[in-house]
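# Tertiary structure, described
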Amino acid sequence: FRPDQFGDRGGEYRNLVGVPGGSKSTYAELLIRASKRTGDKLDFAVGKGDDGDAAKVVFVMDTKEFPFFKAENYHQFHDGFNWGEDYSREYNALAGMFKKMGEDFGDCPNGMVGLGVGGL
């Protein structure tokens, strides 16, 4: 389970990956093979766009049908919002690293009341 699986739920929290060609893509095949090599702990399903949040399932979306949209800055690389949903420092540091490299996370305010979450 994801660390946040028992707190943050719903379609907006589903696991997904978008690749050109979706589930028919060679990228999808590579993901499945990589999952099997690391213990086969995930299932993969064809993403339809209105998929629910399912434990241990990754929805594979076709980027032609479902183009990529960046999420708000404060939704990137933070811990979960419930007690104990802590990710590694390396993961938390990715947002700052990408921002310094020029990554644009959009124009949404930086966190609640403009204060940010986790120092972002």
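Described below are features of the structure shown in this document. Computed from a predicted structure; not experimentally measured.

### Thoughts on the pattern of salt bridges
- Scanning all chains against the criterion turns up one salt bridge.
- The salt bridge partner of E29 is R33, with a shortest N-O separation of 3.8 Å. One end of the pair, E29, and the other, R33, are both in helix α1 (residues 26-37), four residues apart, so they sit about a helical turn from each other.
- Residue class for R33 comes out partly exposed when judged on its relative accessible area of 45%.

### Some words on unusual backbone geometry
- One non-glycine residue, D40, adopts positive backbone phi at about 50 degrees.
- Tracing the backbone shows D40 in the loop between α1 and β2 (43-46).
- The exposure class of D40 is partly exposed, given its relative accessible area of 46%.
- Non-glycine residue K56 carries a positive phi angle of around 65 degrees.
- Checked against the element boundaries, K56 lands in the loop between β2 and β3 (57-62).

About the criteria used
Residues numbered from 1 in each chain as written. Predicted model: local features only at pLDDT ≥ 70, side-chain atom pairs only at ≥ 80, totals over all residues. Heavy atoms only, no water. Salt bridge = Lys/Arg side-chain N within 4 Å of Asp/Glu carboxyl O. Helix = DSSP H or I, 4+ residues; strand = E, 2+ residues; numbered from the N terminus. Buried < 20%, exposed > 50% of the residue type's maximum accessible area, 1.4 Å probe, protein only.

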